[in-house]
Amino acid sequence: MAAPVVRTSSAEVLPPPTERYTLLGWLKKNLFTDWFNTLLTFLALGFLYLIIPPLLRWAFTGAEWAVIPANFNLFMRGQYPAEQALRIWIVLWLTAIVVGFTWGVWSKEISPALVVVAAIPVLLMLVPFFAMETRLKLLGVEILGVVGYVIGRRVPRKHNQIATWLLIITLFASVFILRGFGPEQTDSLWARVPTNLWGGLLLSLLLSIFGIGFSFPIGVLLALGRQSKLPAIRTVSVLYIEFIRGVPLISLLFMGQVMLQLFLPEGFPPIDRVVRALVAIILFSAAYTAENVRGGLQSVPKGQYEAAMSLGLSTYQMMRLIILPQALRAVIPVLVGQFIGLFKDTSLVALVGLFDLLGIARVVLANPDWLGTQQEVYVFIAILYWIFSYAMSYASRRLEISLGVGQR
Amino acid sequence: MQQRAIHPSQERPPFWRDERVLSVISQIVVVGIVVGLLAFFYTNMVSSLREQLGVPIDYGFLKQTAGFDIGESLISYSRSDTYARAFLVGLLNTLQVAVLGIVFATILGIIIGVMRLSTNFLVNRIATAYIEFLRNVPLLVLLIFWAQAVFFKLPRIKEAIILPGPIYLSNRGIAIPWGIPTETWPTYTRILLGGLVLAIIVTIVLRERGKRTGRMPILSLWFLVTLIAVGIIGWFVLPQPPLVLDRPELVGFNTKGGRTLSQQFMALLSGLVIYTAAFIAEVVRAGIQSVSKGQREAATALGLTPFQVLRLVIFPQALRVIIPPLTSQYLNLTKNSSLAIAIGYPDLFAVAGNTILNQTGRAVEVFSLVMGIYLFFSLTTSLFMNIYNRRIRLVER
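Engineer: Just checking my understanding: could you explain the overall build of chain B for this structure?
Structural biologist: Scanning chain B from terminus to terminus reveals twelve helices and eight strands. The C-alpha radius of gyration of chain B comes to 29 Å, more than 25% above the 21 Å expected for a compact globule of 397 residues. In terms of its C-alpha atoms, chain B occupies a principal-axis envelope of roughly 105 × 75 × 50 Å. Relative to its 397 residues, chain B shows a buried fraction of 26%. Intrachain contacts of chain B at a sequence separation of at least 6 include 65% that bridge at least 24 residues.

The following block contains the structure:
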């Protein structure tokens, strides 16, 4: 009398079968499917053979990389005095804690992007030529960032306005910390540092962050103006946008340096050169923001407007509560792209005599000690620009996925 | 029953809540602020200009002698020419770089864009690396690197790098073979013009016949065939070839013959081409990928040949997506050519915004002219773009 065979537990769940290749199979599928593909493979190999070995030979034996560590501080902060350099670290620590906090408020799960960002200070600590002191300061950035994140995670997401305000306050506080108080050229930590000494990566980042920050509200207003039913407002917006988009940024920067003072009444105190460049960048960027936001506004279905109006919302309430949140969410990736573009475009201020990353590179090259190191210096700053831009575009792609743009 | 109670909206609200009144008021306020600001700036400008230069705004300086040299020029120019002619030299130099840049960037961009879609792993990765690298590096850094670290470091003429052609690369510039027109050149240009007219006629005739018979030939192909046929026949019918190839050769400390392009020009052109090609490649890739797979399958199911599928189904739809961003890349390239100022190529902006401005101090006049010219390019282009977009727009319900 055999007992019936009955399964008491469910069968083991197997993963779906994956494609499995041997090395040869992979090669055949990806490189040698037919004669044409094979030809392409060999052409590509030949091309790589022409490019890569000389490049590696140059990078490891030919190039004189000594110019980079010797001028590293210049590249990072320009001629910002060493006595006051601790203030830049204070700004970095402040930024780390606020950014960590904001991240914690916004996203409760640990995403790959978070891991990448958190790894940056640790990776920087591994740079061979940094002093132990620098490494400890970087460790401070890491710890404060983590502390901020842990605090932020405990704040419920509905309070995310706190984070936004904190970010804005930090931004302005940073400028005050960098600018300092009291008389110039003293050894005290808080002496004033005039903006013509600000430079390097510090200036590039400040210009792009403030450029995008100030141009954003102007751009949103212009986009709304361009969509407006009122002809006069529409015309003014269209004229502004088309004018700015039609001329090169470099002409606006030159105009800012040469002509901005002309537009102001006599006796007006001379405007700081950095501010002049910033004004040109903001005016330029606002027109592009406006066009991007317009794309977002057009993506909001008409039913949303009608529904909002039938609920009795005023135009202002409708825009602020219904339309703009949807429109802006749709264009976040585009805006990040624009920010990357602006970060790259800040290199143009070197042509009007500011010492941003590119401007400081030219200063280094003018130093007789480092004659003939153009290749090394420009490759280095190109890589710096690349790392920042690529990191931002990577982050924006992650953001796009987590916001579900195009899926909702 | 009162009519009013049923239609409360028929009663006019007080004027401060009446939308019609409010819209008029808000427009007046906005225009008032804009005009007021502009007037404020303008009066300030006029008064400070009067103080600095005596006269507020005066374009008369354009007729004065420029008195400076320009490194390279497409038209004859010397330091005794006027500022207006110097402007023209700069403008032509800008146009030269922009037109050549657009042509080469399009070719390179299409190649890289197609490579990016290749199923071949290596080819695909090379294209991806190219695009990802160049899109994330500032153009200005690229241009300065290209000029200072590559082209300005070319060897002296005695050690010139010689490429097949021959092309001589040295610190005296890049000497390339160049066609020199002979006596029959003017006749040949006339023959080519006639060929163009003939090609247009052939196209029209073929199109009319195609409409009648219902079998439309490939019009652009016939157009090209006619034009090239006339060109080839004309070349050999003439008693003497209209162009002879002139090869550069080393003579003493210089190259002789052919055409010598300056390092600045080559650095600017190659920098712009390499940079813009990365963006064009992305545009092309997005365009091709935007045509859904079903389109190809449906066209194949209808019995079209692979070439017909490409020409009649895939291409027209991809172009609709490609053309608008492609045009904006062309405009970007034109505007970006103003970065020539960083490497010493005398384009419009470098000649006007730098040299002329420094000599005359007439910022308002110079900037209005320069910006006006760039604006003209971009506005005419967007005008044609809008017309084109309207023509190819999908007709929706």
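Engineer: Which parts of the structure should I look at to understand the overall build of chain A?
Structural biologist: What chain A contains, in helices and strands, is 16 helices and zero strands. If you take every contact in chain A between residues at least 6 apart in sequence, the share linking residues at least 24 apart comes to 74%.

Engineer: I would appreciate a short explanation of the domain arrangement of chain A in the present structure.
Structural biologist: Buried accessible area, meaning the area lost when the parts come together, often serves as the stated size of an interface. Residues and elements named next belong to chain A. When the domains of chain A are assigned, the result is domain 1 (82-193) and domain 2 (197-408). Distance between the C-alpha centres of domain 1 and domain 2: 23 Å. Elements supplying a minimum of two residues to the side of domain 1 that touches domain 2: α6 (112-125) and α8 (160-179). Looking at the side of domain 1 that touches domain 2, its residues break down into six nonpolar, one polar and no charged.

Engineer: Mind showing me how you'd approach the interface of chain B and chain A here?
Structural biologist: Of the residues lining the interface, 44 residues belong to chain B; the matching set on chain A comes to 44 residues. Put simply, the parts of the chain that give the side of chain B that touches chain A at least two residues each are α2 (19-53), α4 (121-135), α5 (139-150), α11 (348-360) and α12 (363-392) of chain B. When residues of the side of chain B that touches chain A are assigned to their parent elements, the largest contribution, twelve residues, is made by α2 of chain B. Tallied by class, residues from the side of chain B that touches chain A come to 30 nonpolar, twelve polar and two charged.

Engineer: How do you make sense of helix α6 (residues 185-213) of chain B when you look at a structure like this?
Structural biologist: For α6 of chain B, built from 29 residues, the straight-helix expectation of 42 Å at 1.5 Å per residue is met to within 8% by its first-to-last C-alpha distance of 41 Å. Glycine 214 of chain B sits one or two residues past α6 of chain B and shows a positive phi near 85°.

Engineer: Help me understand the environment of tyrosine 388 of chain B, please; the structure alone is not making it clear to me.
Structural biologist: Checked against the element boundaries, tyrosine 388 of chain B lands in helix α12. Measuring from C-alpha to C-alpha, the distance between tyrosine 388 of chain B and proline 324 of chain B comes to 9.0 Å, with 64 residues separating the pair along the chain.

Engineer: What exactly am I supposed to notice about the sheet that holds strand β3 (residues 173-176) of chain B here?
Structural biologist: Within a sheet, neighbouring strands are paired by backbone hydrogen bonds and run either parallel or antiparallel to one another. Residue and element names in this part refer to chain B. With respect to topology, four strands assemble into an open sheet ordered β1-β2-β3-β8, the strand pairing being antiparallel. A single partner strand is all that each edge strand has here, and the edge strands are β1 (161-163) and β8 (259-261). Each strand of the sheet is rotated relative to its neighbour by a mean of 20°, with strand direction disregarded. Pairing of strand β2 (residues 167-170) with β3, which is carried by three bridges, proceeds in the antiparallel orientation. Across the sheet, serine 170 pairs through a bridge with glycine 173, a residue of β3.

Engineer: Looking at this structure, how should I read the domain arrangement of chain B?
Structural biologist: By the assigned domains, chain B splits into domain 1 (15-48) and domain 2 (100-177 + 247-322 + 329-336). When each unit is reduced to the centre of its C-alpha atoms, the spacing between domain 1 of chain B and domain 2 of chain B is 48 Å.

Engineer: Looking at this model, I keep getting lost on the confidence of the model for chain B. Mind explaining?
Structural biologist: The predicted structure's coordinates, where accompanied by low pLDDT, should not be read in detail. All names here are of chain B. For chain B, the average pLDDT comes to 86, and 96% of its residues sit at 70 or higher. When the elements of chain B are averaged for pLDDT, helix α1 (residues 3-6) gives the smallest value, 48, and helix α3 (residues 83-116) the largest, 93. The ipTM assigned to the predicted complex is 0.86, against a pTM of 0.86.

Engineer: Sorry if this is basic, but what is going on with the pairing of β3 of chain B here?
Structural biologist: Taken residue by residue, a regular strand's side chains alternate between the two faces of the sheet. Residues Gly173 and Ala175 of chain B of β3 of chain B are buried on one face, and the alternating residues Ile174 and Ile176 of chain B, pointing to the opposite face, are buried as well. Between β2 of chain B and β3 of chain B, which pair antiparallel in sequence order, lie two residues.

Engineer: Help me understand helix α9 (residues 200-227) of chain A, please; the structure alone is not making it clear to me.
Structural biologist: Each α-helix turn comprises 3.6 residues. Residues three or four places apart therefore point the same way. The end-to-end C-alpha separation of α9 of chain A is 40 Å, in line with the 40 Å expected for 28 residues at 1.5 Å each. Approximately 35° is the largest bend angle found in α9 of chain A, and it occurs at phenylalanine 216 of chain A, with the proline proline 217 of chain A only one to four residues beyond.

Engineer: Can you help me understand the nonpolar core in this one?
Structural biologist: Proteins that are soluble and globular tend to have nonpolar side chains buried together. Ile381 of chain A together with Val141, Leu143 and Leu268 of chain B are the most contacted members of the largest nonpolar core, which has 124 residues in total. In terms of residues, this core owes the most to one element, helix α8 (residues 263-290) of chain B, which gives 15 residues. If we ignore the near neighbours within four places in the chain, the residues touching isoleucine 381 of chain A are Leu357, Leu358 and Ala361 of chain A together with Val141 of chain B. Core analysis: the next-biggest nonpolar cluster, separate from the first, contains 13 residues, Val98, Phe101, Trp103 and Val105 of chain A among them.

Engineer: Honestly, the packing of α9 of chain A against helix α14 (residues 315-345) of chain A in this entry has me stumped. Any pointers?
Structural biologist: Residues and elements named next belong to chain A. Look at α9 against α14: their axes get within 11 Å of each other, and the N-to-C directions meet at 145°. Handedness of the α9/α14 crossing: right-handed. Of α14, the residues touching α9 (which contributes Ser204, Ser208, Gly211, Ile212 and Leu224) are Met319, Phe339, Leu342 and Phe343. Partitioning the contact of α9 with α14 into residue classes produces six nonpolar, three polar and no charged.

Engineer: What exactly am I supposed to notice about the packing of helix α5 (residues 86-106) of chain A against helix α7 (residues 132-154) of chain A here?
Structural biologist: Between two packed helices, what matters for the description is the angle formed by their axes and the separation of those axes. Residues and elements named next belong to chain A. Between α5 and α7, whose axes approach to 6 Å, the crossing angle comes to 30°. Taken together, the axes of α5 and α7 lie roughly parallel to each other. Crossing of α5 against α7: the hand is right-handed. Per-class residue counts for the contact of α5 with α7 are 17 nonpolar, seven polar and two charged.

Engineer: I keep staring at the environment of valine 127 of chain A and nothing clicks. Help me out?
Structural biologist: Examined against the element boundaries, valine 127 of chain A turns out to sit in the loop between α6 and α7. Spatially, the C-alpha atoms of valine 127 of chain A and valine 91 of chain A are 21 Å apart, while their sequence positions differ by 36 residues.

Conventions used here
- Residues numbered from 1 in each chain as written.
- Chains lettered and ligands numbered in written order.
- Predicted model: local features only at pLDDT ≥ 70, side-chain atom pairs only at ≥ 80, totals over all residues.
- Helix = DSSP H or I, 4+ residues; strand = E, 2+ residues; numbered from the N terminus.
- Rg over C-alpha atoms; globule rule 2.2 N^0.38 Å.
- Buried ≥ 20, exposed ≤ 12 C-beta atoms within 10 Å, placed from the backbone.
- Contact = placed C-beta atoms within 7 Å.
- Domains from an automatic or database assignment.
- Nonpolar A, V, L, I, M, F, W, Y, C, P; charged D, E, K, R; others polar.
- Expected span 1.5 Å × (residues − 1).
- Pairing = 2+ DSSP bridges.
- Axes fitted to C-alpha atoms, helices over the stretch in contact; angles between N-to-C directions.
- pLDDT = per-residue confidence, 0-100.
- Bend = angle between axes of the 7 residues up to and from the residue.
- Core = buried A, V, L, I, M, F, W, Y, C linked by C-beta atoms within 7 Å.
- Left-handed = near helix turned anticlockwise from the far one by under 90°.
- Parallel < 35°, antiparallel > 145°, perpendicular 65-115°, else oblique.

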